[in-house]
Amino acid sequence: MISCLLIHVTRNSQGLPISKNSVISGEILQIGRGAACKIHLQDHRISLLHATILRSEEGGLYIDAEHNVTLKVDGFITLSADLVPGTRLEVGPYSLIVEPETEHHEITLSLELIHPLPAVMQGHVPVNLAALGWSKRKFGFGMAAIILFLFMLLPLLPAASNALDKWQSGLPVTMTDSWSPGPLSGGHELFASKCSTCHQRAFKSVTDEICTGCHARVSRHLTKADLEVQAFGGMHCTNCHIDHKGREELVLHDSSKCVDCHGNIKDKKTSTELANVNDFNLGHPPFHLTFVSDSGAVHIREDDKARLIEKSGLKYSHQVHLAKDGVSSPQGDTVMQCQDCHKLEESGKHFAPMSMQKSCQQSGCHALDFTDPVTGLAPHGSERAVMNSLREFYGKWLGVSADNLAACKGAVVQDCVNELARKNAAATLFRKDLECGECHEISPVANKDVPWKVTPIRINRDWQPGAIFPHNRHDTMKCTDCHDKVESKVSADISMPGIAKCRECHVGNHPAKGKVASGCDSCHQFHRTAVKPEN
Amino acid sequence: MNNMQGSSLLKYKNYRYLKVSAGMMVLSIVVYLFNEPVGGHPFGGTWLGYTLGVVSTLILLGLMWYGVAKRSITGTPDWSMIAEHEGMAGSHQRPAHGKSSVNKGLRGSGMLQEWLSGHIYLGISLLVLATLHTGFHLGWNVHTLAYVLMMLVIFSGFYGLNAYLNYPRLITLNMGEDTLDDLLLKIAELDELATARALDLSDEVNVLVMESCQETRVGGNLLQQLSGTQRDCPTRFAVQHLMTLGGHYIRDDQRKMLRDLYSLLLRKEKLVLRARTEIMLKARLECWLYLHAPLGIALFSALAAHIISIFFYW
């Protein structure tokens, strides 16, 4: 039989202990939530039968815990422990202390609930958004402060100090990057990290002087300075050149500003010889072809066929050279292409000038052989050079043998050399419609040393100097789509397409289905002196 | 509701602000389509771009002034004020304090309703005006930041309008005459009763009841409030498993006790569900304001930086 004094300890509102004693006894003392337990603990964390106090074979008392319950002795989890005075047990949320022995009871236990159940649910868990403690105001003003610091204060600082401006321009992300409304044009990209390169004064727009500081050689639109001021006096570079629109967008591509003047230019300037132009498709005059002569440039309308004759001084048949069966050459019949002679320059706009050597003698054609007894090729490009070559030859040739010298028939050697050279040249080179005369106009002149004159060659290089035609952007087309003089037999024929040909693909400022919208700057440049056409 | 009441806000004065807003939007779109800006590319720096920017800024300042003035006058959370004004459900749960006589005056005059109607429609118009102002040029800069913030504010406002039109009715359907405090008190009472009942039952039953009492969560953090659910809810688990644990009870009083306990937990589960639904609907009704208002303030600062930057580097 175990006799036990059980001291129930509770705490008052000040936390002071209040004890209540009871005596229990039995062969064993069960501890648990069950009503049968002598030490009855009404708490969910206690099992129906939690532990049992037993007597050991040696006569001492010990406590034995059930499986799957919590029993701690002096802070350590265990399943059983001897009960000697001073032993501190934890049975679930209860503290059970073995007090010093008393006379009347074999064991004295003090029991106290040291881990009361927490309050149920409510009280700690937020049940609305306000209880989360978030402040809309702090959140908003916090973001505003960050934005103002990063995107207002920082970008402003470089304007206050040149040193700071220079330093920050070397950063991977500069202080002013966030203010850039878009990528700079290609040539200006190197200024992207230093806004003050162009924006030199706060709250002031970029001035023309800043642009011309670098672009000092940009040409005017009009040749006459007073007209330039009259026409563009109130305008600035930035009216047309709006940057921060991407790499390719610095040049104004729409035609509205051009048409502002050129749409009704005859009213604006009554003395002008320019035609009104509104739109490439709907209001553009016929093309004018520019002929360069010794007296200057002459501009002739594309439909003035009677005057559209090229006087190049060259005799040439496209029909012969572009024959489908080929043209006779030392290699046999050779089919020639346009590109064999017309080679596009790297700019893609013009063709490289043709030369005798590169274009005509390259494949052995038009070799210009001297004839017996003279050997070798005649030099091309100078009548005098031809004659000098012959004279040099005959000078040596007469000294080779007495037979050769006999050809002079007693004449003065110098005169003999001249005469032999003249005869050879007349017989083999300077012949009408043969040799030199096959391509050139040759006329005799009263010059003893060089008795022939070849008409100078003047092949027009740029028929429309006031416009730009990028051949390289039209390389999906065949040459003959636009230049229709394949059957031409004479070089006087001009093979420049008229405006109607361009309009087959191009329209004006407004896009149209199946056509390419083409503003003024598709062909014309603003900063270039306009070419004055004849009407 | 209340759709009728909500729509009265949208129909205010025969759609006055809808007409104003739609007119501005159509006009700006038409002008934008037919305008041929210098350079061929529309952007904020053309005459139309500046016009759209100025108009958008003025509208935005007006809308923000509405928010500031309303807050200073009413001192009450926005949604509830709207709900109260519209006579919507849920308003009875709001504390009565903070409603000044000025507010009552505004309510009486209908000015608040007019402002709110204008706020909604003019705010929507910014969707078009500000977008056209950009000329569809966006990038990593303060200008796009202002635009993006504006779009966020507008779209959070769309959410708010939708919430305001729908959630008050659902709140009424869910809560009836009860308040959340009522439900929580009832739940606490049921917990007490259940724990008392469970003491005399098996350990397994006690564990179920204890977990139901201790670990059932109503409310919580933002996501928990917005979802209105609790994964592996202990109360629902207890309801589902309680009766299966009672098979070994052979005494009638124990079986009766178990049935009583089951009934208590069943009632608790329904109350918990209603409480969570209430918290969820309220959270969904109010959450947008945690973006709408702060983003509006951020937008104001970004707009200031945008305008200063434009004129500083003119």
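Our subject is the structure listed above.
Residues numbered from 1 in each chain as written. Chains lettered and ligands numbered in written order. Predicted model: local features only at pLDDT ≥ 70, side-chain atom pairs only at ≥ 80, totals over all residues. Heavy atoms only, no water.

Draft legend 1. Just the sheet that holds strand β9 (residues 80-82) of chain A, in detail. An order of β4-β3-β5-β6-β9 (chain A) is seen for the five strands of this open sheet, with the pairing classed as mixed. Two strands in the sheet have a free side with no partner beyond their single neighbour: β4 (39-40) and β9 of chain A. (Pairing = 2+ DSSP bridges. Helix = DSSP H or I, 4+ residues; strand = E, 2+ residues; numbered from the N terminus.)

Draft legend 2. Expanded view of the state of the cysteines. All names here are of chain A. Applying the stated rule across the entire model yields one disulfide over all chains. Put simply, C408 and C416 are joined by a disulfide, and their sulfur atoms are 1.9 Å apart. Negative torsions about the S-S bond denote left-handed disulfides, and the value of about -85° found for C408 with C416 makes this one left-handed. With relative accessibility at 8%, the residue C408 sits in the buried group. Relative accessible area serves as the criterion here: at 6%, C416 is assigned to the buried category. Left without a disulfide partner, C523 is nearest to the cysteine sulfur of C502, which lies 6.8 Å away. (Disulfide = S-S within 2.5 Å. Buried < 20%, exposed > 50% of the residue type's maximum accessible area, 1.4 Å probe, protein only.)

Draft legend 3. Local environment of the interface of chain A and chain B. Facing the 57 residues of chain A at the interface are 58 residues of chain B. Summing the contributions of chain A and of chain B, the shared interface buries around 5000 Å²; its carbon and sulfur component is 70%. The interface formed by chain A and chain B includes one salt bridge. Here D203(B) and R33(A) are joined by a salt bridge, their closest N and O atoms 3.0 Å apart. Summed over the shared surface of chain A and chain B, the result is 13 residue pairs in polar contact (both at pLDDT 80 or more). Residue classes in the side of chain A that touches chain B are distributed as 32 nonpolar, 14 polar and 11 charged. (Contact = heavy atoms within 4.5 Å. Buried area = accessible area lost by both parts, 1.4 Å probe. Salt bridge = Lys/Arg side-chain N within 4 Å of Asp/Glu carboxyl O. Polar contact = N/O pair within 3.5 Å; in protein donor to acceptor, adjacent residues only side chain to side chain. Nonpolar A, V, L, I, M, F, W, Y, C, P; charged D, E, K, R; others polar.)

Draft legend 4. View of the nonpolar core. Residue and element names in this part refer to chain B. In this structure, V205, V209, L242 and L261 are the most contacted members of the largest nonpolar core, which totals 32 residues. Counting only elements with at least two residues in this core, the list comes to α7 (142-175), α8 (180-198), α9 (203-215), α11 (234-242) and α12 (252-286). Top contributing element to this core by residue count: α12, with 12 residues. (Core = buried A, V, L, I, M, F, W, Y, C linked by side-chain atoms within 4.5 Å.)

Draft legend 5. Looking closely at the packing of helix α1 (residues 136-156) of chain A against helix α13 (residues 289-312) of chain B. Look at α1(A) against α13(B): their axes get within 8 Å of each other, and the N-to-C directions meet at 15°. As far as their axial angle goes, α13(B) and α1(A) are roughly parallel. As for the relative orientation of α1(A) and α13(B), their crossing is right-handed in sense. Here the contact of α1(A) with α13(B) is built from residues that sort into 22 nonpolar, two polar and one charged. (Axes fitted to C-alpha atoms, helices over the stretch in contact; angles between N-to-C directions. Parallel < 35°, antiparallel > 145°, perpendicular 65-115°, else oblique. Left-handed = near helix turned anticlockwise from the far one by under 90°.)

Draft legend 6. Inspection of a nonpolar patch on the surface at higher detail. All names here are of chain A. On the surface, a nonpolar cluster with roughly 430 Å² of combined accessible area is contributed by I146, F149, L150, L153 and L157. By the secondary structure assignment, F149 is in helix α1. Residue classification places F149 among the partly exposed residues on the basis of a relative accessible area of 45%. (Patch = residues over 30% accessible without salt bridge, like charges linked within 9 Å, V, L, I, M, F, W, Y side chains within 5 Å. Areas by Shrake-Rupley, 256 points an atom, 1.4 Å probe, with all protein chains shown as cover.)

Draft legend 7. Layout of the environment of V413(A). Residues and elements named next belong to chain A. Within the secondary structure layout, V413 lies in helix α12 (residues 413-428). On the basis of relative accessible area, V413 is assigned to the partly exposed category, the value being 44%. Considered as a pair, V413 and G399 are 14 residues apart in the sequence and their alpha carbons are 10.0 Å apart. Non-local contacts of V413, meaning those with residues more than four positions away in its chain, are made with L398 and L405.

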